[in-house]
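Next come the chains, spelled out residue by residue.
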Amino acid sequence: MAKTVKSIEEINAKIRDGSVCVVTADKMSDLVGELGAAGAAKEVDVVTTGTFGPMCSSGVFLNFGHADPPIKMQKVWLNDVEAYSGIAAVDAYLGAAQLSEAKGEEYGGGHVIEDLASGKPIDMRATSYTTDCYPRKEIDTTITLDDLNQAIMLNPRNSYQRYAAAVNSTERTLYTYMGTLLPNYRNVNYSGAGALSPLTNDPDFETIGPGTRIFLCGSQGYVIGMGTQHDPGNGFGTLMVSGNMKDMSAEYLKGARFYGYGVSLYVGIGIPIPVLNEGIAKKTAIRDAEIVTEVLDYGVCRRDRPVSRKVTYEELKSGMIDIGGKEVPSSPLSSFFMANKVAQELKTRVEEAEFLLALPVERLPTDTTFKPMKQTSELPLVKDVMTRDVKPISEGASIADTAKLMMETQTTHIPVVSVDEKLVGIVTAWDISTAVAKRHEELSEIMTRKVMTSDLDEPLELVIRKLDKYNISALPVIDRDRKVIGMVTSDEISKLIGRRKRWKWQL
């Protein structure tokens, strides 16, 4: 532990008398470079941080007050977005990621929270099973933030220390919580504010923990503990935070829609870091070039996605990174403009004695690990059900040759391969029928070139989703070289499910 230069009490005294020296985190590296860590620790009292990005694990506790006659809300909706009401009669928790029952992914909990903060009226309806003390069965009314007794934001997981970037290796566009990922490594999306991020500047949680006073969406809030999925050993520390939503500004919280995925809430968080010693000064001087994260391939829909490469935030912020010799555009989901605005606004409030600092009452854990979900039964994989005896056909073959092969193999789907035996398409019995009707002769004229595929170790549940989503009944199974090693069909999946049901029934 570095030797103490000043105490939190001394810093707060400077804030009160107007002599405090505050800098934003993005300026601290230059100061440390000029003065050294020891010199900067004596010169600077507070470093302000900031981040503004999508934080799905956010929400607000609401108390509506009692109706007359009273109602015990079993279910409650705000602008057709359901809030969790299993707490007490007129309390509910509205999650940012909850979807509207009427508008789906176009509107959700994050938008309701923004609308409340903006002072807009919200349609509220609730139903009840009724009791002797709560005889009312339903209610339909309109409320604003001012009508609520309490609106307490409590976000289970905010302000990741860093965030993995995302890329897509497949041949189709993916719609994810990391935004839209274009096929064949055509873009990289990333999140987090880099050197401005709060936990990046205090990786050992010396000044950030339960009880730390923070800037939360324009109001004063607090860290109340470690966030869910807190994984500091791997550089993914998180925070659980809370604040009074009635004091918040809609400027610093924005509902968002991620096309094809769902909704979220952009949250502005700033945390002042007291420079108590040389060690803290040195840590707050971190640069984007020193913050490393992984680029994960979201084309592999598994818990442990392949790492395409490691990259620094400096590279990501440049707008272009190299992946396998290919220059790929990189785009942030977070707003650096708003992150800077949060850090600057917090700086101003500290300098004007509107914001005092508070050290945590205890340290956040540094040895917590993020465990995967316990699964009592493993999902069947493609290799458990696929047909291995598959005869592909050359893309130069004729329609007649293809029809003959279908008759010989008694199959309705045939993979089409190139001269080097790599998958280039697929042809179905329906394609053959169409070809005959339209007098096509060459296979290349009718085959489907954009083929959905699978691999040996893909869970069957993902295959079923592909079959359903794209209204198809078979997928070629390929290896890493795109060579066909089998076929998985809806018929074989149905047989496996039937066998498993019979086996369970016999037990």
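Residues numbered from 1 in each chain as written. Predicted model: local features only at pLDDT ≥ 70, side-chain atom pairs only at ≥ 80, totals over all residues. Heavy atoms only, no water.

Trainee: So what exactly am I meant to see when it comes to the overall build of the protein here?
Mentor: Along its length, the protein carries eleven helices and 31 strands. Principal axes of the C-alpha set define a box for the protein whose edges measure 90 × 70 × 45 Å. A total of 507 residues make up the protein; the buried ones form 49% of that total. When contacts within the protein are restricted to residue pairs at least 6 apart in sequence, long-range pairs at least 24 apart make up 68% of them. Entry remark: accessible area of the protein is about 24,800 Å², with carbon and sulfur atoms responsible for 50%. (Helix = DSSP H or I, 4+ residues; strand = E, 2+ residues; numbered from the N terminus. Buried < 20%, exposed > 50% of the residue type's maximum accessible area, 1.4 Å probe, protein only. Contact = heavy atoms within 4.5 Å. Areas by Shrake-Rupley, 256 points an atom, 1.4 Å probe, with all protein chains shown as cover.)

Trainee: Please clarify how a nonpolar patch on the surface should be interpreted in this entry.
Mentor: Taken together, the side chains of F61, Y84, I87 and I152 define a hydrophobic patch exposed on the protein surface, amounting to about 370 Å² of accessible area. When you line up the elements, F61 lands in strand β4 (residues 59-63). Residue F61 is classed as partly exposed on the basis of its relative accessible area of 35%. (Patch = residues over 30% accessible without salt bridge, like charges linked within 9 Å, V, L, I, M, F, W, Y side chains within 5 Å. Salt bridge = Lys/Arg side-chain N within 4 Å of Asp/Glu carboxyl O.)

Trainee: Would you mind going over the nonpolar core with me for this structure?
Mentor: Generally speaking, a soluble globular protein has its nonpolar side chains buried in company with each other. By size, the foremost hydrophobic cluster in this structure holds 77 residues, and its most contacted members are F64, L78, L94, I113, L216 and V350. In terms of nonpolar packing, the next biggest core, distinct from the first, is built from 17 residues, V23, V47, A281 and A343 among them. (Core = buried A, V, L, I, M, F, W, Y, C linked by side-chain atoms within 4.5 Å.)

Trainee: What am I meant to see in the side chain of T402 here?
Mentor: Here T402 lies in helix α8 (residues 399-409). Residue classification places T402 among the buried residues on the basis of a relative accessible area of 0%. There is a polar contact of 2.9 Å between the side chain of T402 and the backbone oxygen of S398. (Polar contact = N/O pair within 3.5 Å; in protein donor to acceptor, adjacent residues only side chain to side chain.)

Trainee: Explain the sheet that holds strand β28 (residues 413-417) to me, please; I cannot follow it from the model alone.
Mentor: Hydrogen bonds between backbone atoms are what pair the strands of a sheet, whose relative direction is either parallel or antiparallel. Read from one edge to the other, the open sheet built from three strands follows the order β27-β28-β29, with strand pairing classed as mixed. A strand with exactly one partner marks an edge of an open sheet, and here the two such strands are β27 (393-394) and β29 (423-428). As judged from the two bridges shared by β27 and β28, these two strands associate in the parallel manner. Looking across to β28, one finds that S394 is bridged to V417. (Pairing = 2+ DSSP bridges.)

Trainee: What's the story with the side chain of D431 in this structure? I'm lost.
Mentor: Looking at where D431 falls in the secondary structure, it is placed in helix α9 (residues 429-438). Although D431 is buried, it forms no salt bridge, and the closest oppositely charged side chain is K438 at an N-O distance of 9.7 Å. Other than its neighbours up to four places away in sequence, D431 contacts I426, I446 and T448. (Lys, Arg positive; Asp, Glu negative; His and termini not counted.)

Trainee: What's the story with the packing of α8 against α9 in this structure? I'm lost.
Mentor: A pair of packed helices is characterised by two quantities: the angle between their axes and the separation of those axes. Contact geometry for α8 and α9: axes closest at 11 Å, N-to-C directions at 140°. As summarised for this structure, α8 and α9 are arranged oblique, according to the angle between their axes. Of the two possible hands of crossing, α8 and α9 adopt the one that is left-handed. Residues I399, T402, A403 and M406 of α8 pack against A429, I432 and A435 of α9. Looking at the contact of α8 with α9, its residues break down into six nonpolar, one polar and no charged. (Axes fitted to C-alpha atoms, helices over the stretch in contact; angles between N-to-C directions. Parallel < 35°, antiparallel > 145°, perpendicular 65-115°, else oblique. Left-handed = near helix turned anticlockwise from the far one by under 90°. Nonpolar A, V, L, I, M, F, W, Y, C, P; charged D, E, K, R; others polar.)

Trainee: Even after reading the chapter, I still don't get the pairing of strand β12 (residues 150-158), so can you show me in this structure?
Mentor: Within a regular strand, side chains alternate between the sheet's two faces. Looking at chain direction, β4 and β12 are connected through four bridges and run antiparallel. The residue of β12 that forms the bridge with V60 is M153.

Trainee: Mind showing me how you'd approach the pattern of salt bridges here?
Mentor: Where charged atoms from two side chains of opposite charge come close, those side chains can pair. Scanning the model with the defined rule gives 19 salt bridges in all. Note that E294 is salt-bridged to R162, the shortest N-O span being 3.2 Å. Remark: R162 occurs in the loop between β12 and β13 (165-167) and E294 occurs in strand β23 (residues 292-297); sequence separation between them is 132 residues. Taking the relative accessible area as the measure of exposure, R162 reaches 14% and is therefore buried. The partner of D204 in a salt bridge is K283, and the shortest N-O contact between them spans 2.7 Å. Here the residue D204 occupies a position in the loop between α4 (198-201) and β17 (213-216), and K283 occupies one in helix α5 (residues 278-283), the gap between them amounting to 79 residues. For D204, a relative accessible area of 34% puts it in the partly exposed group. Since its relative accessible area comes to 26%, K283 is described here as partly exposed. The network of salt bridges with shared partners includes K6, K14 and D45.

Trainee: Where do I start with the confidence of the model for the protein in this structure?
Mentor: For any part of a model where pLDDT is low, the fine detail of the predicted coordinates should not be relied upon. Residues at a pLDDT of 70 or more form 97% of the protein, whose mean pLDDT is 93. Low pLDDT, under 50, characterises residues 502-507; the stretch is placed with zero contacts to residues that sit more than four places away or in other chains. (pLDDT = per-residue confidence, 0-100.)

Trainee: Which parts of the structure should I look at to understand helix α3 (residues 109-117)?
Mentor: Note: α-helices contain 3.6 residues per turn, so residues at a spacing of three or four share the same orientation. Taking burial as the measure, the nine residues of α3 include nine buried ones, the bulk of the element. With its phi angle positive at about 85°, G119 sits one or two positions after the end of α3.

Trainee: Help me understand the sheet that holds strand β22 (residues 272-274), please; the structure alone is not making it clear to me.
Mentor: As summarised here, the arrangement of the three strands in space is β1-β2-β22, forming an open sheet in which the pairing is mixed. Only two strands of the sheet have a single partner each, and these edge strands are β1 (22-24) and β22. Ignoring strand direction, the axes of neighbouring strands in this sheet form an average angle of 25°. Sheet analysis places β1 next to strand β2 (residues 46-48), joined by three bridges and oriented parallel. Across the sheet, V22 pairs through a bridge with V46, a residue of β2.

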